[in-house]
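Survey of secondary and tertiary structure
Here are the chains, one letter per residue:
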Amino acid sequence: MTGSTASGGHYGQDLFEPEHPQEAERIDAAALVYDPVTTGRLRALGTGPGSRCLEVGAGTGTVVRWLLEEAGAAEVVALDRDTSGLEALAGPGVRLVTTDLRDENLDLGTFDLIHARFVLMHLPERRQLVSRLARWLNPGGWLVLGDAVEVPNPLDSSSAYRRTMDAMWQALRTTIGTDTSGITAYPHFLREEGLQNVAGELICPPLVADGPLARFWSETWNRMRPALEETGRVDSAVIDEAVDYLASPRLAELGPGMMIAWGQRR
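Residues numbered from 1 in each chain as written. Predicted model: local features only at pLDDT ≥ 70, side-chain atom pairs only at ≥ 80, totals over all residues. Heavy atoms only, no water.

**Re the overall build of the chain**
For the chain, the count of helices and strands is eight helices and seven strands. What you see for the chain is a C-alpha radius of gyration of 18 Å, in line with the 18 Å of a compact globule of 266 residues. Projected onto its principal axes, the C-alpha coordinates of the chain cover approximately 55 × 40 × 35 Å. Considering only residue pairs separated by 6 or more positions, the chain has 75% of its internal contacts joining residues 24 or more positions apart. (Helix = DSSP H or I, 4+ residues; strand = E, 2+ residues; numbered from the N terminus. Rg over C-alpha atoms; globule rule 2.2 N^0.38 Å. Contact = heavy atoms within 4.5 Å.)

Given below as structure tokens:
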């Protein structure tokens with residue numbers, strides 16, 4: 001497990017509170033970009049009718065809805081620390097579990113698919129949680145993990161965009177323990193858990209001016225302004241310049257990507 005210098009804060013508590021009026025919109029902007037990648041991989045792994053699935057960090061429920069309505073899962077357990085935005089999905093086939101994945105008393109049974117996207121990167125206990133999730137798999141079941149991977153431009157260390165992005169990763173780490181440095185080790189973690197057919201892929205969706213991914217980063221940076229400035233890397237003027245750049249036709253960046261790793265229980 002990678003280390004953390006976090007102060008003990010939590011995603012959804014110390015940053016990105018779910019009750020914020022723009023939080024669902026921020027999450028859905030990223031979902032517009034990443035859901036087709038995620039669901040394409042889940043479909044390729046054979047997720048289909050009759051599956052019992054666990055969606056960890058269910059967010060606004062876009063993947064839960066796909067599993068139920070498109071993949072034909074028999075049951076989807078949607079786990080999140082706040083499930084208030086998922087109540088419209090509750091009913092036959094969907095069970096909402098409002099808790100922290102780290103709850104030692106958590107007993108949800110076993111699953112044919114366990115999926116976690118942009119969750120473990122925010123939890124310092126990520127390596128132990130990979131072990132826990134792997135134990136919850138049925139024979140033949142798949143564990144699919146997706147988290148962010150930064151792909152910086154080594155020739156750019158001083159633009160407003162790069163300074164703000166770097167400040168964001170630093171602020172996330174010191175505030176809530178986010179750590180993306182070990183994400184590329186996920187396939188090794190899955191193999192260490194005895195899973196088979198292990199593989200991974202890195203997807204870097206286009207960062208298009210004023211597109212959904214650019215809007216996601218813009219809203220993220222605006223919401224994090226005090227924490228960004230506390231890093232000492234940026235001030236308000238630099239953040240303003242970076243946000244304006246995300247909506248500008250001058251935008252030309254390879255934004256952070258998502259690594260997906262998967263493995264199957266024997």
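**What to know about the environment of Leu-79**
Of note, Leu-79 is situated in strand β2 (residues 75-80). Take Leu-79: its relative accessible area is 2%, and that puts it in the buried class. Considering only alpha carbons, one finds Leu-79 and Arg-95, 16 residues apart in sequence, at a separation of 8.5 Å. The contact partners of Leu-79, leaving out residues within four places of it in the chain, are Leu-54, Glu-55, Val-56, Gly-57, Ala-58, Val-97, Thr-99, Leu-101, Leu-106 and Leu-108. (Buried < 20%, exposed > 50% of the residue type's maximum accessible area, 1.4 Å probe, protein only.)

**Comments concerning the packing of helix α4 (residues 160-176) against helix α8 (residues 236-246)**
For the pair α4 and α8, interaxial distance at closest approach is 8 Å and the crossing angle is 110°. As judged from the angle between their axes, α4 and α8 are roughly perpendicular. Of α8, the residues touching α4 (which contributes Ala-160, Tyr-161, Arg-163 and Thr-164) are Val-238, Ile-239, Glu-241, Ala-242, Tyr-245 and Leu-246. When the residues that make up the contact of α4 with α8 are grouped by side-chain class, the tally is seven nonpolar, one polar and two charged. (Axes fitted to C-alpha atoms, helices over the stretch in contact; angles between N-to-C directions. Parallel < 35°, antiparallel > 145°, perpendicular 65-115°, else oblique. Nonpolar A, V, L, I, M, F, W, Y, C, P; charged D, E, K, R; others polar.)

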